[in-house]
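What follows is each chain in one-letter form.
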Amino acid sequence: MAPRVVSMEADGGSRGNPGPAGYGAVVRDQDTGEVLAERSESLGTATNNVAEYQGLIAGLTAAAELGAAEVDVRMDSKLVVEQMCGRWQIKHPGLRPLAAQAAALVGRFSAVRFSWIPREQNRHADALANAAMDAAAGRPATAAPTAQPSTAAAPGQPAAPIIGSDPATAPASWEPRPTFTATRLILVRHGETPYTEQRRYSGRGDVPLSERGRAQARATGARVAELAPSVAAVLSSPLSRCTATAASIAGALGDVPVRTEDDLIECDFGQWEGRTFAEVRQQWPGEMDAWLASPRIAPPGGESFTQVAERAHRVISGLLTAYPGETVVVVSHVSPIKLMLRDALAAGDGFLHRLFLDAAGISVLDMWPDGGVAVRTVNDTAHLAAL
């Protein structure tokens, strides 16, 4: 009978990047560590990353042929693991078709778990890949590794499977490990104000929450408490519409202290403050066109989005340093939140005028210390439906 759960180790590389390339993959019984399948192939000339993806594809294919239901994938390629987990973008066009092929294979299993392992724990697949690279380069092949027997388990105890060719390198547990723990940012736009309802530019003016805005703040607090029962900090713009929203959230979380951060304040709209879009278009048509065309242009007497982005970047950098692996609530305004989302999504500047953020809308970002980003939610307003 085919094992329900298998582990798969894969590796790939090239001599020169690009250069003579090859991959190796090993599929094991999860419980015993017995080698069930090996795959290796020379690829001609290719890059390290292409070879690593080909190793992943070969290993998943072998696991599917064995009839496995679940696969624990272990690779020493951080790039492949992070991209397959959705934490890193796939920027190189040559890798996208390979990632799509791997993703299609993942869909054939009931569960696939990815984890990074050090190279010394991936010796078996690494040796297979090196033999394939030698063949691609026309060199004598290095000896392929000999499969190690499994370690017998004591009665009533789970087997201790062996990874690679050296039992001493086997981890104590076969549970997948995350490479890093993300810092989660819950971005909240403040509740409604009279200016929000009238669609007026509301920058540095300290316009308070309306009655509806206060109700939205309470509903947002309840929703954030559902999303994150444990929060390390609540940061807020110093303007009262944000501090009042933040206070409602902090109360719902068990009176987490609120800290104000000047860099979270809204864009300074200068002479446009308190005016509607139509009023600005009528009085400053040229300036409005220039502002819409470039984030480097500021409203008359105001601040550019480029300047706001610098502030937003300082906030995020500080949070990643101060709260690694924790959850932080950030209560701010439309412009800073849009700029954070623009950068998280690697979007263009046109994004700033196309994304709509509702009052009291919630967006969620996961940010890893190695630069990985996952945008989980944008402008969630389901908690406001009953208001």
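Described below are features of the structure shown in this document. (Residues numbered from 1 in each chain as written. Predicted model: local features only at pLDDT ≥ 70, side-chain atom pairs only at ≥ 80, totals over all residues. Heavy atoms only, no water.)

**Here's the deal with the environment of Thr196**
Structurally, Thr196 is set in helix H5 (residues 194-197). A relative accessible area of 18% places Thr196 in the buried class. Thr196 sits 162 residues away from Asp358 along the chain, and the two C-alpha atoms are 9.3 Å apart. Setting aside residues up to four positions removed in sequence, Thr196 forms contacts with Arg189, His190 and Ala359. (Helix = DSSP H or I, 4+ residues; strand = E, 2+ residues; numbered from the N terminus. Buried < 20%, exposed > 50% of the residue type's maximum accessible area, 1.4 Å probe, protein only. Contact = heavy atoms within 4.5 Å.)

**Here we look at the sheet that holds strand S2 (residues 19-29)**
Hydrogen bonds between backbone groups are what pair the strands of a sheet, and the pairing can be parallel or antiparallel. The strand order across the open sheet built from 5 strands is S3-S2-S1-S4-S5, with neighbouring strands paired in mixed fashion. Of all the strands in the sheet, just strand S3 (35-46) and strand S5 (111-116) have a single pairing partner and so form its edges. For this sheet the average axis-to-axis angle between neighbouring strands, irrespective of direction, equals 20°. In the sheet, strand S1 (residues 5-14) pairs with S2 via 9 bridges, with the strands oriented antiparallel. The partner of Ser14 across the bridge, within S2, is Ala21. Against the sheet, helix H1 (residues 48-65) engages S1, S2, S3, strand S4 (70-75) and S5, with an angle of about 155° to S1. Most of the contacts of helix H4 (residues 123-136) go to S2, to which it runs at about 150°, and overall it touches S1, S2 and S3. (Pairing = 2+ DSSP bridges. Axes fitted to C-alpha atoms, helices over the stretch in contact; angles between N-to-C directions.)

**Topic: the pairing of strand S9 (residues 327-332)**
Judged by how many residues are buried, S9 sits mostly within the fold: 6 of 6 residues are covered. Burial along S9 is two-sided: the residues Thr327, Val329 and Val331 and Val328, Val330 and Ser332 are all buried. In terms of strand pairing, strand S6 (residues 183-189) meets S9 through 6 bridges, oriented parallel. Bridged to Leu187 within S9 is Val330. Alignment of strand S7 (residues 233-236) against S9, held across 4 bridges, turns out to be parallel. Within S9, the residue paired with Val234 across the bridge is Val329.

**A few points about unusual backbone geometry**
In this chain, Asn17 is followed by Pro18 through a cis amide linkage whose omega measures 5°. In this fold, Pro18 is placed in the loop between S1 and S2. One non-glycine residue with positive phi stands out, namely Ala360, at about 65°. Turning to its location among the elements, Ala360 is positioned in the loop between helix H11 (334-344) and strand S10 (362-367).

**Let's talk about the environment of Tyr201**
Mapped onto the secondary structure, Tyr201 falls in the loop between H5 and helix H6 (211-227). Linking Tyr201 and Val280, residues 79 residues apart in sequence, is a C-alpha distance of 9.5 Å. Discounting residues that sit within four places of it in the chain, Tyr201 has contacts with Tyr195, Phe269, Trp272, Glu273, Gly274, Arg275, Thr276, Phe277, Val280, Met288 and Trp291.

**Re the side chain of Gln83**
Its place among the elements puts Gln83 in helix H2 (residues 78-84). Residue contacts for Gln83: discarding those within four places in its chain leaves Tyr53, Trp88, Gln89, Ile90 and Leu95.

**Quick look at the nonpolar core**
Counting 34 residues, the largest nonpolar core has Leu185, Leu187, Trp272, Leu319, Val328 and Leu341 as the members making the most contacts within it. Listed by contribution, the elements that provide at least two residues to this core are S6, S7, helix H9 (285-293), helix H10 (305-322), S9, H11 and S10. It is H10 that provides the largest number of residues to this core, a total of 7 residues. Setting aside chain neighbours within four positions, we find Leu319 in contact with Leu185, Leu235, Pro324, Val328 and Val330. Counting 28 residues, the second-largest nonpolar core is a separate cluster that includes Ala25, Val27, Ala68 and Leu105. (Core = buried A, V, L, I, M, F, W, Y, C linked by side-chain atoms within 4.5 Å.)

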